[in-house]
Amino acid sequence: MAPVLVLWLAMCLGATWAVDRGNFKTCDQSAFCKRQRALKPGDSPYRALLETMELTNTRLTLQLINDNNKVRLLLELYRLQGNITRVKINELKPLKPRYEVPDVLIRDPPTEPLSVLSQDESGVVLSLGAESQRVIVSVRPFRLDIMEGHDVLMSLNSRGLLAFEHLRMRKDTFSYKVTSTVASVWDNIKRVFSSRADPEAEKKEEADSADQAEATKEEEEKAEEGMWEETFKSHSDSKPNGPSSISLDFSFPGVEHVYGIPEHADDLKLKTTDNGDPYRLFNLDVFQYELYNPMALYGAVPVMLAHNAQRTTGIFWLNAAETWVDISSNTAGKTVFGKMLDYVQGSSEIPQTDVRWISESGIIDVFIMLGPTPKHVFSQYASLTGTQSFPPLASLGYHQCRWNYNDQEDVRSVDAGFDEYDIPYDFIWLDIEHTDGKRYFTWDPHKFATPKEMLQGLLDKKRKMVAIVDPHIKIDSNYKIHNEIRSRGFYVKNKDGGDYEGWCWPGNAGYPDFTRADMRAWWASMFAYDQYEGSMENLYTWNDMNEPSVFNGPEVTMHKDAVHGDWENRDVHNIYGLYVQMATAEGLVQRSGGVERPFVLTRAFFAGSQRYGAVWTGDNAAEWDHLKISIPMCLSLGLVGISFCGADVGGFFKSPTPELLVRWYQTGAYQPFFRAHAHLDTPRREPWLFGPENTALIREAIRQRYTFLPYWYQQFYHAYRTGEPVMRPLWVEYTQDPATFAVDDEFLIGQNLLVHPVTEEGARGVTAYLPGKEEVWFDIHTFQKHNGAQNLYIPVTMSSIPVFQRGGSIIPRKMRVRRSSSCMEHDPYTLYAALNARGVAEGELYMDDGHTFNYEKKEFIHRRLSFSNNVLSSVNLVPDSHFTTNSWIERIVLIGSSKPAKVTLKTADGIESQLEFDFDASMSVVTVRKPGMNAGADWTVTLE
C-alpha cells in the first residue's frame, strides 16, 4: 500500500501543478444530470389535483399527477414567519422513504396561517399576508407564481422543468423475457392468420417487426443507461435504488443579477450556463483548482440570491446530494449599447433570469426568501440555518501556517522570528506531519516529544496553536482511535456491509460515519484533555480533507453507494463536512466545560456550517489570478451566511514573487480569516525572508490588521446577531446603484470600510468605485476626502493599500500593536470619526472577555458612539449588560471637521475638563489627545 500511495502522490504533486479535469465529471458524464438536462422547456406533464387540496392552519397539501406515467406527488406549501415561503414536493407513496436533510435547520420553522382568496377549476389563489403578497397555484400545467400587487416576484415550473424520478423496482430479467416471449407468440399467431391472404405482407411485417423490436430495444437501453449502474473511469456505482433525481425551475422577472451557490472559483455575479456545464455543488478535493469555471470545489451551499434595484430575493434548496444549477437569461450576451438600443427602440422585453436546480436524490424542499432587501434575506436565511458563530477575538488576528513546521525547535524558532522582526501573530499551525504516522490525536514521538512544553511556551507569550485533525483514520490495530471506532461500529460501510476503506494521507483508512449522533458525541469526547494527550487550552483544531477526500475513490471522494446507516453517501454527501466540523467544535466546547468558544477551520462545508467556525478557499496557487479570485469567493460565501472566510496568503502551491506575496498580505489583512499557508515542496516564506523592504511592507499590513481588531470583532458580533456578512459586496449597501451590482474587485467590511486591494502585477494605480451619491469617503491613511458615486483613480506604490472610511461613521481602533491580540486586551482605543456632509457620524464600541460564552449572559460592553451638533457622545446600548474594562480612550480623531476654539470633556458624574487638541487645516482633521475616559463609561466631548 505505501509504495502505491507514494506513487499516487508523486503523480498528483508533480511539476504540472494543475487540476486534472479528467478526474471530475461533467454534466454529460453524470447520468442523472445528462437525463435531466435533456428535458427541454415546454409544457409540464404535471397537473394539480384540486380535489385533493387540504388547508390547515399551518400548511396546504395538494397532489400532483404526472399525466405521462400517472405517478402522484405530494405538494406541501407553508407560509413561514419572516416573509418566507416553503415548498416541499415528494412522492405521494414512495417505494421507500426518500432522504430529507436533518440538522441544518436550527428549529422547525414557525408557520403563519395561509388563507384562500379565490378558487376555480384553473387554480387557487392564496394569501401570503402583508403587502398583498399571494401565491397562485395553476392546475394545468402545474405552476406556482408568487406575486406582490401586480408584480410577479418569482415563478416555479413556469418553464415546465419539474421532473421527479420516482423510486421503482428494477425490471426482472426473467419476467421481462417471459413477457417478450408471450408477445412474440401472439405476434406469430397474428402473422399466420394475416399472411394467408398476402404472403408478401408476411415478409414486410416480419421486417417491420424486427426493425421495431430493434428500435424498442435501443430506446429501452438508452433510457436505462446510467439509471441502475454507472461507471466513471474505473469506478462503478451500483445504484441499488435506481433513478431518483429531481429538478425544478425558478424564474425571476426583472432580474439580471444572481449570486451565491458557493463554492466556485468564479466571479461574484453568476454567469449563464447555456453554452457550458451547469454550476456543480458536490464537495470534492480538487487539486489546484482552475479559475472562472463552474466546477465543484470543497463546499456546497445551495443558496442563491437574486437582486435588482427594486428587490432582493433568495432561494434555499435544502438538498445534500450532488446538485447542478443551470442559469439562463434573456439579456445574456447583450452589451450595454445593445441594452440602450432596446430602450431607444422601445423594446418591451423585461429582463428575466431562469434558474434550474437538479439533484441526484432526496426531495424538493425549497425555502423562498422574499426580502425585500438584502438584509431581510440575510435575516430570513439566518432564521432557518443560524448565524455565523461568534469567534474568539484572537482568531481574527494573524495565523502563520505551513505544511509543515518540522519539529518543536522549528516552532520555537518561527515564534521567536516574529518577535525579532516585531510582527504580531496569534496562531501558529501544525499540519499532518506533526502526528505519529498520520494518526490524528497523536504527536510524533521524536519531533514533538513534549507538546505541552511547546504549547506552554506559546501560552506564556499569549499565543496559540492549531493542529490538524482529519476525518480519515489509519487502519492500524495498535491505534486507539481506530480500534474504538471499529469496535463501536462507527465506520461508514461499503455497499456489501463491511467497513468502507480508502486511501488518504495515512495509507489505508477508514471513514467515521459523522452522520450518526452517537459517533459525533464520541468524536467530541476525544478532545478532552485526558483523551487528546499533549493538548492544552491554547490548542485548537483544523478539519481538512472532510469532503471526504478518498485518493483512490471516484472523483477523489467516497463511493456514492457507501452506506451511512439507512442512507447512501449519494444522499448525504454534501453534509458530511458540516458534521465533522460540528462534532469537532462541540469537542472543543465540552473540554472547557462549556465555557470557552471554539475555533475550528474546515475545508468542506454546507448550509449551516457558519454555526461552527471558519472556512478557507482551499488549495490555491501563488498566481495573481488566484489572489484576485479570493475576493469574489469570500464575498459569495458571506452572502450565504459564512462570514469567516479567507484564502491562503501567498498561495498554497508554487512560490510567490516578493511583489505577489506583499500584495497578498495587504489583501488578506482586510479579509475575515487571515492565514498564510504553503505547500510542503515550496521554499520557506516566513514574512522576514524576502529582504528588509518587503519585511517592512508585510509588517505594516499585519499591524494594520491588528489596529482594526476592535472593528473586526464588532462586525463579527453583528454578524452573529443578524446574519449579515462581515465582508460584503457594494450592492448590499447600495441596493439601487446598478454600477455596484457586478463589482467584485473591491468590497466593504461592515458598512463603513471600503477596500480596493491592489491585485495586478506591476500596478501603478487602481480605479476604485466609491458608491453613494450623498456619500463622502476618506482615505484612512491620508484623510483625503472624496465624493461618492465616482470612479476614483488612485496612484499606488508597493506600500499602498487603498482603504476608505465612509463619512458618517465612527470606527474604534487600537493603535498600540503588540505581539498578539491578547497582549492588547487592556490597551486604549482611538476613535476615528469621519463626518458626512451634514457634520454627523455614528458608530459602536463592543467588547467582552474575547474568548468565553459569557457574552450570552450579557457580560459585555456595547455602546453607541455619535457625533452631531459638534458633540461626541458615548451611550450604553444595553443598560442591563455588565462588564468592566481597564481600557480607556486615548485619542479622538475627527475627520472632515472645522477648527474648534476649545474642546470640553464631560463625564457621567458631571465633571468638565478642557482637552488638548491639534488641527490639520490641510485635511480638516481635529485630533483630541489623551481625553482619558474609561471606554465603558458615559461621556460627552463638545467642540466649541
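Everything numeric in this text was worked out from a predicted model, so none of it was measured.

**Thoughts on the nonpolar core**
(1) Moving on: Ranked by internal contacts, the top residues of the largest apolar core, which has 176 residues, are F316, W523, I575, Y665 and Y670.
(2) Moving on: If we ignore the near neighbours within four places in the chain, the residues touching W523 are F441, V469, D470, P471, I473, P512, F514, V580, A583 and T584.

**Some words on empty space enclosed by the protein**
(1) Moving on: For the coordinates displayed, the defined rule picks out six cavities of 30 Å³ or more.
(2) Moving on: Every residue lining the largest cavity is counted, 14 residues in all, and those nearest its centre are K25, F232, D237, P554 and K560.
(3) Moving on: Sorting the residues of the lining of the largest cavity by element identifies β12 (230-232) and β13 (235-237) as the ones contributing at least two each.
(4) Moving on: Residues of the lining of the largest cavity, tallied by class, amount to four nonpolar, five polar and five charged.
(5) Moving on: Space inside the second largest cavity adds up to approximately 80 Å³.
(6) Moving on: Around the second largest cavity sit 16 residues that line it, and F378, Y381, V640, G641 and G723 are the ones nearest its centre.
(7) Moving on: Breaking the lining of the second largest cavity down by element, the ones donating at least two residues are β17 (303-307), α6 (374-385) and α13 (624-639).
(8) Moving on: Ranked by residue count, the leading element in the lining of the second largest cavity is α6, at four residues.
(9) Moving on: Considered class by class, the residues forming the lining of the second largest cavity number nine nonpolar, seven polar and no charged.

**Some details on the UniProt feature "domain: Glycoside hydrolase family 31 TIM barrel" (unreviewed entry) in the protein chain**
(1) Moving on: According to UniProt, the "domain: Glycoside hydrolase family 31 TIM barrel" (unreviewed entry) feature falls on residues 389-714.
(2) Moving on: Spanning residues 389-714, this segment combines 34% helix with 13% strand, and its end C-alpha atoms are found 13 Å apart.

**Concerning the packing of aromatic side chains**
(1) Moving on: As enumerated under the stated definition, the model contains 54 aromatic pairs in all.
(2) Moving on: Ring geometry for F390 and Y713: centres 4.8 Å apart, planes at 25°, overall stacked. Within this pair, whereas F390 is found in the loop between α6 and β22 (398-400), its partner Y713 is found in helix α16 (residues 709-722), the two being separated by 323 residues in sequence.
(3) Moving on: For Y713, a relative accessible area of 3% puts it in the buried group.
(4) Moving on: The interplanar angle of 55° and the centroid separation of 6.1 Å between the aromatic rings of W429 and F673 together place this pair among those described as tilted. Taken as a pair, W429 in strand β23 (residues 427-430) and F673 in the loop between α14 (658-668) and β35 (674-676) lie far apart in primary sequence, 244 residues in all. An identical accessibility class is assigned to W429 and F673; each is buried.
(5) Moving on: Site record: aromatic cluster; members linked through ring pairs are F427, W429, Y540, W542, F599, W616, F644, F673 and F716.

**Remarks on the packing of helix α10 (residues 517-525) against helix α12 (residues 576-591)**
(1) Moving on: α12 packs onto α10 with a crossing angle of 45° between their chain directions and a minimal axis gap of 7 Å. When the axes of α10 and α12 are compared, the pair comes out oblique. Here α10 runs over α12; the crossing is right-handed. Seen from α10, the contacting residues are R520, W523, A524 and S525; seen from α12, they are Y579, V580, M582, A583, T584, E586, G587 and Q590.

**Digging into the sheet that holds strand β40 (residues 776-779)**
(1) Moving on: Spatial strand order, β36-β37-β38-β43-β40-β41: six strands in an open sheet with antiparallel pairing. Pairing within the sheet leaves two strands with one partner each, and these edge strands are β36 (727-728) and β41 (785-787).
(2) Moving on: Sheet analysis places β40 next to β41, joined by three bridges and oriented antiparallel. The residue bridging W777 from the neighbouring strand is H786, located in β41.

**A word on the pairing of strand β2 (residues 60-66)**
(1) Moving on: With seven of seven residues buried, β2 lies mostly within the body of the structure.
(2) Moving on: Because side chains alternate across β2, one face comprises the buried residues L60, L62, L64 and N66, and the other comprises T61, Q63 and I65, equally buried.
(3) Moving on: With six bridges joining them, strand β1 (residues 46-55) and β2 adopt antiparallel strand pairing. Bridge pairing in β2 places R47 opposite I65.
(4) Moving on: Joining the antiparallel neighbours β1 and β2 is a turn of four residues.

**What about the state of the cysteines?**
(1) Moving on: Scanning the entire structure with this criterion turns up two disulfides.
(2) Moving on: Two residues, C27 and C33, share a disulfide whose sulfurs are 2.0 Å apart. On the S-S bond that ties C27 to C33, the torsion sits near -100°, and the link is left-handed.
(3) Moving on: Note on C33: relative accessible area 0%, which makes it buried.
(4) Moving on: Linked covalently through their sulfurs, C634 and C645 form a disulfide whose S-S length is 2.1 Å. Across the S-S bond of C634 and C645 the torsion is about -75°, and the bridge reads as left-handed. With C634 in helix α13 and C645 in strand β33 (residues 645-646), this pair connects stretches of sequence that are eleven residues apart.
(5) Moving on: You can call C634 buried: its relative accessible area is 2%.

**So, α14**
(1) Moving on: Counting buried residues in α14 gives nine out of eleven residues, a clear majority hidden from the surface.
(2) Moving on: Looking only at α14, the buried set comprises L660, L661, V662, R663, W664, Y665, Q666, T667 and G668.
(3) Moving on: Close packing links the buried residues of α14 with β22, α13, β34 (648-649), β35 and α15 (692-707).

**Some words on the sheet that holds strand β26 (residues 501-504)**
(1) Moving on: Read across the sheet, three strands follow the order β25-β27-β26 without closing on themselves; strand pairing throughout is antiparallel. Each of the sheet's edge strands pairs with one partner strand only, and the pair in question is β25 (473-474) and β26.
(2) Moving on: When β26 meets strand β27 (residues 507-510), the two strands line up antiparallel, connected through four bridges. Among the inter-strand pairings, W503 is bridged to a residue of β27, identified as N508.

**A word on the confidence of the model for the protein chain**
(1) Moving on: Averaged over the protein chain, the pLDDT score is 93; the fraction of residues at 70 or greater is 91%.
(2) Moving on: Here residues 1-16 is modelled with pLDDT under 50, and outside its nearest four sequence neighbours on either side it reaches 20 contacts, counting other chains as well.
(3) Moving on: Note on residues 336-341: pLDDT is under 50 here. Beyond four places in sequence and across chains, it has three contacts.

**Quick look at the environment of W731**
(1) Moving on: Along the chain, the position of W731 falls in helix α17 (residues 730-733).
(2) Moving on: A C-alpha to C-alpha distance of 8.2 Å links W731 and A742, two positions eleven residues apart in sequence.
(3) Moving on: In this structure W731 touches Y259, L268, L305, H307, T312, P374, L639, T740 and F741, once residues within four positions along its chain are discounted.

**What about unusual backbone geometry?**
(1) Moving on: Cis geometry is adopted by the peptide bond preceding P141, which originates at R140 and carries an omega value of -10°.
(2) Moving on: With respect to the secondary-structure elements, P141 resides in the loop between β8 (133-138) and β9 (143-148).
(3) Moving on: Residue P372 follows G371 across a cis peptide bond; omega there is 20°.
(4) Moving on: You can see P372 is positioned in the loop between β21 (364-369) and α6.
(5) Moving on: The backbone of E555 shows a phi angle near 55°, a positive value even though the residue is not glycine.
(6) Moving on: Among the secondary structure elements, E555 is positioned in the loop between β28 (539-543) and β29 (563-564).
(7) Moving on: Residue classification places E555 among the buried positions, given a relative accessible area of 5%.

Rules of the game
Residues numbered from 1 in each chain as written. Predicted model: local features only at pLDDT ≥ 70, side-chain atom pairs only at ≥ 80, totals over all residues. Heavy atoms only, no water. Core = buried A, V, L, I, M, F, W, Y, C linked by side-chain atoms within 4.5 Å. Buried < 20%, exposed > 50% of the residue type's maximum accessible area, 1.4 Å probe, protein only. Contact = heavy atoms within 4.5 Å. 1 Å grid on protein atoms, 1.4 Å probe; cavity = no way out; pocket = protein on both sides within 12 Å on 5 of 7 lines; lining within 4 Å. Points joined across faces, edges and corners; volume = space filled by probe spheres on them. Helix = DSSP H or I, 4+ residues; strand = E, 2+ residues; numbered from the N terminus. Nonpolar A, V, L, I, M, F, W, Y, C, P; charged D, E, K, R; others polar. UniProt positions renumbered as here; feature names shortened; annotations may be inferred. Phe/Tyr/Trp six-rings, centres within 6.5 Å; stacked < 30°, edge-to-face > 60°. Axes fitted to C-alpha atoms, helices over the stretch in contact; angles between N-to-C directions. Parallel < 35°, antiparallel > 145°, perpendicular 65-115°, else oblique. Left-handed = near helix turned anticlockwise from the far one by under 90°. Pairing = 2+ DSSP bridges. Disulfide = S-S within 2.5 Å. pLDDT = per-residue confidence, 0-100.

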